[in-house]
Amino acid sequence: MNTLLTLPENKSTVSDPPKAVTYEELGSVGLIRIDNPPVNALNQEVRNRLAEALAQATNSPRVKIVLIISGGKTFSAGADLKEFDREMTDPSLQQLQAAIEMMPVPVVAAICGLALGGGLELALACHYRLAHEDARLGLPEITLGIVPGAGGTQRLPRLIGSRPALEMIVSGTPITAAEAKSKGLVDEVAEGDLRDSAIKFCEQLVRDGSKPRPTRDLAAADSLDESMIAAVLGAHARALKSRTTQRLVIDAVKAATLPFAQGIEVEAAIAKKSLASPESLALRHIFFAERGSSKVEGVPEHATHPDIGQVAIVGAGTMGTGIAMAFADAGRSVTLIDNDETALARSKDIIRSTYASGIKRGRISQETADERIARISGSTDLSCVSAADIAIEAVFEDMDLKKRVLSQLDSVLPPQRLIATNTSTLSITELGHATAHPRRVLGLHFFVPAQASKLLEIVRGKESSPDTVATALHVAKLLRKVPVVSGDAFGFIGNRMMLDGYFREAEQLLLEGASPQQVDAALEQFGFAMGPQRVSDLGGNDVGTKVRIQLYQRESRPDPYFVLADRLTELGRLGQKTGRGFYRYEQGGRDALPDPDVDRLIEKLASQRGIVRSSIDDKEIVERCILALINVGAVVLEEGIAFRASDVDVVWTSGYGFPRHLGGPMFYADTLGIGHVAARIRHYQRRLGPYWRPAGLIEKLERENSSFGQWDRQRKAAMAKPGE
Ligand code: 3H9
């Protein structure tokens, strides 16, 4: 037995349930099985048990080969991310890997499902690897701002070469078993039952007299040259905009040309640095925020919900068509209902052309597209809704029209089934009252394009029942969207913060002296994919104006409030689609070109309001837009429209382009420090007037020397102990 691992004294058999790792001997095969649901994360318990199992195998005279497999669908999702915030205890993953490499008998990893991060790194340290044909293998650490820290940057280049390794680590995207085989990452691809195949594979290795084959002993990796690095970075430039982890990854992969012991030390230091980086803290925050957003107060986590096989969507416009495709993509049958045959025909054309473009881009096969198209049928008869498991109303944004449709749906759909209304502005509570069963009504705020957007705002009316919310959360999961539950108020979470905070401030800056291109460039530099004026031009200024008209029926806003965008709409400058908006566009072009007419319009609107324009620097532009966003975010929280600050972060990173690597506006506020945020808001309050009053929640957190993160943790603790 090697001495790298200090074993726990109690070496009781590792087959007693409910252990996270079990060990048994099947003839000459020592079979180690990891069973740590839901994703076989390699936490301390697993590492301890793996060490024990390896020791048992080493000490058994019968064992000629060791096989590591996993229970469940995932080989392993890697290190336990929850452990990163505390001191890691031995045995570390690196110690385990060193122990595996030094085993006197060969060790084989049999990979089912996903082998990610530390999970793949564990397999890389095994002497042989077998993957099921459906398996996928990857090092996605970069998506969490982490450099693989358990030998991934040292062993992977030794196995498949530095350039392919860099590509895998920088992209973060898992590869298939077949690709892994062709790259030399796995030895065999298995079909059928993996355990059986793996045991046969092991027995064959024993028969062949195969020896341990430590990856660390392979020749040092080939070196990366600058053109390879540039090619890999270039291929992922969009995803890596404003990011820093890739630079650390390159340094670590370069170290694979050193002797293994030195390279692994370099990797450890770099990985440690990455873990402590603000980028990683932010990305890990968002990882858990996205998974936490479906845990909702008053809704049991494992609430039952109906099976959803058949969906009815009323309204065959852009939204209804997109939602229909979203459900068809998720394997559900959809009936799209519209009383206008022409609208149904147009919708059918859009569905066909959308899938055709997916085929052209290599995203789906013709066969898949055909299956999805076949799942969507059209009808002009609302009574066919009665067979649906849920109904979604997606007609024109008009209160009376929607009330009529909801009332009709209520009369044909059996009373326990969910009725959702797709609205971005209207009161869900009021719409629910148009039915005899308001408890089963809620809002599903889809974003454009509904079949591809990531965020789904679930809007809870005053009467929406917990069961209804649970069903909507299930729907989000089916559609692979990130759900965030919002209260029923002006603009819900996202649009409220956009209109009252971020976009409002951007327009205010134009009136005070900035140009559209300056505001956009400053915010794009901050990390937004697109600045606010370019976003308006892309979506259509008329769309924003219509939304605001609807919203003003709930609450009005003082002038100046989008005077410029609304004036552009009046002038027919609707954005890209009319070739003119905040910018001008050449025929068929997408490049936003400055337009002197817009400059003159801004000057006129400013002077009508007595605003004296002067130059504003980029730093102020970013600070004011982001502080305004944070401040309205705090209001949304104190009003209970959003339940958690992390939910606000999810809305803004998954639906509104806030840079994910900054963690969302509320996390970013914590990064800046609440005291600093409050002080800067007060600075603008003195200079610019009462709009800039700090939100009550910001003042409270400042007094308590607290943070939004802390506030969330307190609420979570209170949720866990109801009644206290
Ligand atoms: C790493 O390995 C570092 C090493 O290089 C160095 C170490 C020294 N840890 O996403 P889901 C939880 S870094 C802890 O909803 P899905 C998740 O929070 C790691 N928990 O399911 C959720 O919990 P809850 C590199 C984890 O089927 C539950 O599992 N690995 C971890 O849609 C289900 O997750 C990665 O970056 C984890 N590693 O997707 C992979 N992973 O039910 C990160 C998941 O309480 N994970 N959980 O909310 C994923 O990408 C997805 O979770 C996965 C499953 C694709 C695996």
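About the thresholds
- Residues numbered from 1 in each chain as written.
- Predicted model: local features only at pLDDT ≥ 70, side-chain atom pairs only at ≥ 80, totals over all residues.
- Heavy atoms only, no water.
- Helix = DSSP H or I, 4+ residues; strand = E, 2+ residues; numbered from the N terminus.
- Rg over C-alpha atoms; globule rule 2.2 N^0.38 Å.
- Buried < 20%, exposed > 50% of the residue type's maximum accessible area, 1.4 Å probe, protein only.
- Contact = heavy atoms within 4.5 Å.
- Areas by Shrake-Rupley, 256 points an atom, 1.4 Å probe, with all protein chains shown as cover.
- Near = heavy atom within 4 Å.
- Polar contact = N/O pair within 3.5 Å; in protein donor to acceptor, adjacent residues only side chain to side chain.
- Domains from an automatic or database assignment.
- Buried area = accessible area lost by both parts, 1.4 Å probe.
- Core = buried A, V, L, I, M, F, W, Y, C linked by side-chain atoms within 4.5 Å.
- Pairing = 2+ DSSP bridges.
- Axes fitted to C-alpha atoms, helices over the stretch in contact; angles between N-to-C directions.
- pLDDT = per-residue confidence, 0-100.

This part is about the overall build of the chain. Each helix and strand counted, the chain has 29 helices and 17 strands in total. For the chain, whose C-alpha radius of gyration is 28 Å, the value lies close to the compact-globule estimate of 27 Å for 724 residues. In terms of overall dimensions, the chain has a C-alpha envelope of 90 × 60 × 60 Å along the principal axes. Expressed as a percentage of its 724 residues, the buried residues of the chain come to 56%. Intrachain contacts of the chain at a sequence separation of at least 6 include 73% that bridge at least 24 residues. Working note: accessible area of the chain is about 31,000 Å², and carbon and sulfur atoms make up 51% of it.

Close to the ligand lie 25 residues, the nearest being Ala77, Gly118, Glu121, Glu141 and Arg291. Leu81 places a main-chain nitrogen or oxygen 2.9 Å from a nitrogen atom of the ligand. Separating an oxygen atom of the ligand from a side-chain N or O atom of Glu121 is a distance of 2.7 Å. Look at the ligand: alone it shows 1,000 Å² of surface, and the protein chains cover 72% of it. Sorting the residues of the shell around the ligand by element identifies β5 (114-116), α3 (118-125) and α11 (278-292) as the ones contributing at least two each. Top contributing element to the shell around the ligand by residue count: α11, with 3 residues.

Examined at the domain level, the chain breaks down into domain 1 (21-275), domain 2 (310-486) and domain 3 (494-717). Placing the centre of domain 2 and that of domain 3 at their C-alpha centroids yields a distance of 30 Å. Contact between domain 2 and domain 3 buries roughly 1,200 Å² in total, counting both sides, with carbon and sulfur atoms accounting for 57%. In this assembly, domain 2 and domain 3 are joined by 4 residue pairs in polar contact (both at pLDDT 80 or more). Among the elements of the structure, β16 (455-460) and β17 (482-487) are those that each provide at least two residues to the side of domain 2 that touches domain 3.

Glancing now at the nonpolar core. In summary, soluble globular proteins display a tendency toward joint burial of nonpolar side chains. Ile493, Ile626, Leu637, Trp652, Phe658, Ile698 and Phe708 are the most contacted members of the largest nonpolar core, which totals 80 residues. Both domain 2 (310-486) and domain 3 (494-717) contribute no fewer than three residues apiece to this core. One finds Tyr23, Met103, Val147 and Met228 within the second-largest nonpolar core, a separate group that totals 62 residues.

Moving on, we come to the sheet that holds strand β10 (residues 310-314). Pairing is mixed in the open sheet, where 8 strands are placed in the order β12-β11-β10-β13-β14-β15-β16-β17. The sheet terminates laterally at β12 (376-379) and β17, the two strands that pair on one side only. Taking the axes of each pair of neighbouring strands and ignoring which way they run, one obtains an average angle of 25 degrees across the sheet. Here strand β15 (residues 441-446) pairs with β16 via 4 bridges, running antiparallel. Looking across to β16, one finds that Phe446 is bridged to Leu456.

The element strand β11 (residues 333-337) is largely enclosed, with a buried count of 4 among its 5 residues. Sheet topology places β10 next to β11; 5 bridges connect them, and they run parallel. Note that in β11 the partner of Val311 across the bridge is Val334. Where β11 meets β12, 4 bridges bridge the pair, whose relative direction is parallel.

On average, residues of the chain score 94 in pLDDT, and 97% of them reach the 70 mark or higher. Contacts from residues 1-15, a stretch scored under 50 in pLDDT, to residues over four places away or in other chains number 35 contacts.

Once that is clear, we can look at the sheet that holds strand β4 (residues 107-111). Spatial strand order, β1-β2-β3-β4-β6-β9: 6 strands in an open sheet with mixed pairing. The sheet is open, and its two borders are formed by β1 (21-26) and β9 (188-190), each paired with just one other strand. Neighbour to neighbour, the strand axes of the sheet diverge by 20 degrees on average, direction disregarded. Pairing analysis gives 6 bridges linking β1 to strand β2 (residues 29-34), with the strands arranged antiparallel. In the sheet register, Val21 faces β2, and the bridge partner there is Ile34. Relative to the sheet, helix α1 (residues 44-59) contacts β1, β2 and β3 (65-70), its axis offset from that of β1 by approximately 20 degrees.

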